[in-house]
Amino acid sequence: MCLGIPMKVLRFEGSVAFCVVAPRPGQQPVRHAQVDTILVPDACEGDYLLVFMGMARARMEPEEARKLQDVLEALAALAAAPAGAAEQIVTHGFADLCDAPPRLPPHLQAAFDAGLTEA
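Residues numbered from 1 in each chain as written. Predicted model: local features only at pLDDT ≥ 70, side-chain atom pairs only at ≥ 80, totals over all residues. Heavy atoms only, no water.

Caption draft 1: Local environment of the overall build of the protein chain. Counting its regular elements, the protein chain contains four helices and five strands. Counting from the amino terminus, the protein chain carries its helices and strands in the arrangement β-β-β-β-β-α-α-α-α. When each of the 119 residues of the protein chain is scored for burial, the buried share is 27%. Put simply, of all contacts in the protein chain between residues at least 6 apart along the chain, 34% involve residues at least 24 apart. When the accessible area of the protein chain is evaluated, it comes to approximately 8400 Å², of which 60% is carbon and sulfur surface. (Helix = DSSP H or I, 4+ residues; strand = E, 2+ residues; numbered from the N terminus. Buried < 20%, exposed > 50% of the residue type's maximum accessible area, 1.4 Å probe, protein only. Contact = heavy atoms within 4.5 Å. Areas by Shrake-Rupley, 256 points an atom, 1.4 Å probe, with all protein chains shown as cover.)

Caption draft 2: Fine view of the packing of aromatic side chains. In total, this model carries zero aromatic pairs according to the counting rule given. Stacked on the ring of Phe18, the Lys or Arg Arg11 has its end atom at 4.0 Å from the ring centre. (Phe/Tyr/Trp six-rings, centres within 6.5 Å; stacked < 30°, edge-to-face > 60°. Lys NZ or Arg CZ within 6 Å of the ring centre and 35° of its normal.)

Caption draft 3: Quick peek at the pattern of salt bridges. Summed over the entire model, instances satisfying the criterion amount to five salt bridges. Two residues, Glu13 and Arg11, come together in a salt bridge whose shortest N-O distance is 2.8 Å. With a relative accessible area of 48%, Glu13 lands in the partly exposed category. Note that Asp70 is salt-bridged to Arg66, the shortest N-O span being 2.6 Å. Here Asp70 pairs with Arg66, and both are found in helix 1 (residues 62–80), just four residues apart, close to one helical turn. Here Asp70 falls in the buried class, since its relative accessible area comes to 14%. In this structure Arg66 comes out as partly exposed when scored by relative accessible area, which is 34%. (Salt bridge = Lys/Arg side-chain N within 4 Å of Asp/Glu carboxyl O.)

Caption draft 4: Just the nonpolar core, in detail. Formed by 14 residues in total, the largest nonpolar core has its most connected members in Met7, Cys19, Val35 and Leu49. Sorting the residues of this core by element identifies strand 1 (5–13), strand 2 (16–21), strand 3 (32–36) and strand 4 (48–52) as the ones contributing at least two each. Contacts of Leu49, omitting those with residues within four sequence positions, involve Ile5, Pro6, Met7, Val9, Cys19, Thr37, Val40, Ala43, Ala56, Ala58, Arg59 and Met60. (Core = buried A, V, L, I, M, F, W, Y, C linked by side-chain atoms within 4.5 Å.)

Caption draft 5: Seen up close, the pairing of strand 5 (residues 55–60). With five bridges connecting them, strand 4 and strand 5 associate as antiparallel partners. The residue bridging Tyr48 from the neighbouring strand is Met60, located in strand 5. Hairpin connection, strand 4 to strand 5: the antiparallel pair is bridged by two residues, and Met53 has positive phi, about 45°. (Pairing = 2+ DSSP bridges.)

Caption draft 6: Region of interest: helix 4 (residues 106–113). The buried fraction of helix 4 is low, at zero of eight residues. Of the residues one or two after helix 4, Gly115 is the one with positive phi, at around 90°.

Caption draft 7: Structural detail: the environment of Cys98. Tracing the backbone shows Cys98 in helix 3 (residues 95–98). Not counting residues up to four positions away in its chain, the partners in contact with Cys98 are Val90 and Thr91.

What follows is the structure, given as structure tokens:
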């Protein structure tokens, strides 16, 4: 399984961006990487990119990058958490989902609204 990691572009050399894992305000960057940006040619210094296996796949808004970083940190914390700590980790790391009602992806919602009961 591949995970997309949000990274912030520091500088470029040709189509290679030198990036850091999206740092939190007031924190030092944790990991540096060289990222191929051939699939995102309009990327600029300061942009946030969604990176899979060393390649940028898309530009991200800073808020979207922060939310994804929260999720990744929550998953890492869950993997290392002692018994009983999961609820607090999930509530913090997935706050945007915990307060939202369940919803279907748009194409499935349209099928449901049309009365379809099978794919």
